[in-house]
Amino acid sequence: MKIIFLDADGTLLHHEGFIPQSALQACQLAQKNGHKIVLCTGRQKVEVYGDMLKLDYDGMITGSGAHVEVNHHLLEERTFSKEQLQILLEYMHKNDIDAIFETTKGLVGNQKTYDHLERMIQKQCKHLSPELFAKHGLVQVQHNLKVTDSILEYPVNKISFLESDISYQQIYDALHRQFDLVPATFAPFGKESGEISEKTITKATGMKSILNYFDRSAEDAIAIGDGFNDLCMFEVAKTSVAMGNAPIEVQKKADRITTSLDNNGIYNAFIVLGLIE
């Protein structure tokens, strides 16, 4: 039995909101062959909807490791402390950075963030049909964002900041000693966007919890991803696979490279790894 840890956006799920039929088929066949499928995503559990619900996951790691469950049984739940969240709120305000503050049960942000998302939607989604517009990730994020000025009162476990006049590198340099930062894993947020987590919360820690639950070792783990926050997954799993659409820096860290999400990447990887025939 292998435990397959799958990133969502850019790996399993297209940013326009669909999972390729070949990927669904590959996962279902792998499960029939006795393997476990674990969704391992920066998304919060509340953001697992639409096509992502077409799969019956054996486990789920959301919030980049903040929430871990197996068969709907909670293993871990972590959040920023009030003091940490206050530091981040003050930094975002001082540097005029719009951000989405994520909790297991929902997304919160101020009016500026909501308006910033609206501008992005108008720029990136106006050409889409009504059906595709409704499914697009940016539209879904804005729809699910609760506008509030009381962010400090929420159990935030991850922050996604939108592209601003401050570069990702500047933000990283200012915060990386206290927090874990990775470049954006959801491209529509912009080139200089990124994610902030508490240093002890990663996809890798979530993977270890699930491996322990199933009494399995890294030898039994396969990690498949396309983003910088998937590199910690690659370090835990015996076998790592980068999507063909992943940045070169990510591909260089993987044991194997499959085809892109749009070109049956998951299905082809499962064939090569002997998970399905």
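Please read these numbers as outputs of a predicted model, since none were measured by experiment.

Colleague: What should I look at first to understand the nonpolar core in this one?
Modeller: Within soluble globular proteins, side chains that are nonpolar tend to cluster in buried spots. Counting residues in each nonpolar core, the largest one holds 28 residues, and the members touching the most others are Ile4, Leu12, Ile224 and Phe270. Elements supplying a minimum of two residues to this core: strand E1 (3-6), helix H1 (21-32), strand E2 (36-40), strand E12 (221-225) and helix H10 (265-272). Here this core gets 5 residues from one element, more than from any other, and that element is H1. Among all residues touching Ile224, those that are not within four sequence positions of it are Ile4, Phe5, Leu6, Asp7, Thr11, Met233, Val241, Met243, Ile266, Ala269 and Phe270. With 24 residues, the next largest nonpolar core counts Ile3, Ile61, Leu231 and Ala246 among its residues.

Colleague: Would you explain the sheet that holds strand E6 (residues 99-103) in this entry?
Modeller: A sheet is described by the order of its strands in space; here 6 strands give the open sequence E8-E7-E6-E9-E11-E10, paired in mixed fashion. Among the strands making up the open sheet, the edge pair consists of strand E8 (145-147) and strand E10 (179-183). Within the sheet, the average angular offset between the axes of one strand and its neighbour, ignoring direction, is 25°. Two elements, E6 and strand E7 (residues 106-109), share 3 bridges in a ladder whose sense is antiparallel. Bridge assignment links Glu102 to a residue of E7, and that residue is Leu107. Relative to the sheet, helix H3 (residues 111-124) contacts E6, E7 and E8, its axis offset from that of E8 by approximately 135°.

Colleague: Explain the sheet that holds strand E14 (residues 256-257) to me, please; I cannot follow it from the model alone.
Modeller: Two strands in a sheet stick together by hydrogen bonds in their backbones, pointing the same way (parallel) or opposite ways (antiparallel). The strand order E5-E4-E3-E2-E1-E12-E13-E14 describes an open sheet built from 8 strands, whose pairing is mixed. Either end of the sheet is taken by a strand with one partner, and the two such strands are strand E5 (73-77) and E14. Helix-sheet contacts for H10 involve E1, E2, E12, strand E13 (239-242) and E14, and the interaxial angle to E12 is about 155°.

Colleague: Whenever I open this one, the side chain of Asn229 confuses me. Can you help?
Modeller: By the element assignment, Asn229 lies in the loop between E12 and helix H8 (231-236). There is a polar contact of 3.5 Å between the side chain of Asn229 and the side chain of Glu195. Leave out the neighbours within four places in its chain, and Asn229 touches Gly42, Ser64, Val182, Thr185, Glu195 and Lys203.

Colleague: I tried to follow the pairing of E13 on my own but got confused; where do I start?
Modeller: Along any regular strand, the residues point their side chains to alternate faces of the sheet. Where E12 meets E13, 4 bridges bridge the pair, whose relative direction is parallel. Each residue of the ladder has a partner; that of Gly225, found in E13, is Ala242. Traced from E12 through H8 to E13, the parallel crossover comes out right-handed. Where E13 lies against E14, 2 bridges are found, and the strand directions are parallel. Residue pairing across strands places Ala242 opposite Ile257, the latter belonging to E14.

Colleague: Sorry, what's going on with the side chain of Glu102 here?
Modeller: With respect to the element layout, Glu102 can be found in strand E6. For Glu102, the residues in contact, after removing those within four places along its chain, are Gly42, Gln44, Glu47, Leu107, Pro155, Val156, Asn157, Lys158 and Ser160.

Colleague: Just checking my understanding: could you explain the pattern of salt bridges for this structure?
Modeller: Once the charged atoms of two side chains with opposite charge are near each other, the side chains can pair. Summed over all chains, the structure comprises 11 salt bridges. Note that Asp9 is salt-bridged to Arg43, the shortest N-O span being 2.7 Å. Remark: Arg43 occurs in the loop between E2 and strand E3 (59-62) and Asp9 occurs in the loop between E1 and H1; sequence separation between them is 34 residues. On the accessibility criterion, Asp9 (12% relative accessible area) is buried. On the basis of relative accessibility, which here comes to 11%, the residue Arg43 falls in the buried class. The salt bridge involving Asp96 is made with Lys112; its shortest N-O contact spans 3.0 Å. Of this pair, Asp96 sits in the loop between helix H2 (82-94) and E6 while Lys112 sits in helix H3, placing them 16 residues apart in sequence. The class for Lys112 is partly exposed, based on a relative accessible area of 41%. Within this structure, Asp7, Lys203 and Asp230 form a network of salt bridges that share partners.

Colleague: How should I be thinking about the pairing of E5 in this particular structure?
Modeller: As defined by bridge partners, strand E4 (residues 67-70) adjoins E5 across 4 bridges and the pair is classed as antiparallel. Bridge pairing links Glu69 to Leu74 in E5.

Colleague: Just checking my understanding: could you explain the layout of surface pockets for this structure?
Modeller: One way to see where empty space is left: roll a probe the size of a water molecule over the atoms. Here the largest pocket defines a volume of roughly 400 Å³. For the lining of the largest pocket, the residue count by class is 9 nonpolar, 8 polar and 4 charged. Lining the second largest pocket are 15 residues, and of these Leu89, Met92, His93, Ile97 and Asn110 lie nearest its centre. Residue contributions to the lining of the second largest pocket peak at 3 residues, all from H2.

Rules behind the numbers
- Residues numbered from 1 in each chain as written.
- Predicted model: local features only at pLDDT ≥ 70, side-chain atom pairs only at ≥ 80, totals over all residues.
- Heavy atoms only, no water.
- Core = buried A, V, L, I, M, F, W, Y, C linked by side-chain atoms within 4.5 Å.
- Buried < 20%, exposed > 50% of the residue type's maximum accessible area, 1.4 Å probe, protein only.
- Helix = DSSP H or I, 4+ residues; strand = E, 2+ residues; numbered from the N terminus.
- Contact = heavy atoms within 4.5 Å.
- Pairing = 2+ DSSP bridges.
- Axes fitted to C-alpha atoms, helices over the stretch in contact; angles between N-to-C directions.
- Polar contact = N/O pair within 3.5 Å; in protein donor to acceptor, adjacent residues only side chain to side chain.
- Right-handed = clockwise from strand over helix to strand, strands pointing away.
- Salt bridge = Lys/Arg side-chain N within 4 Å of Asp/Glu carboxyl O.
- 1 Å grid on protein atoms, 1.4 Å probe; cavity = no way out; pocket = protein on both sides within 12 Å on 5 of 7 lines; lining within 4 Å.
- Points joined across faces, edges and corners; volume = space filled by probe spheres on them.
- Nonpolar A, V, L, I, M, F, W, Y, C, P; charged D, E, K, R; others polar.

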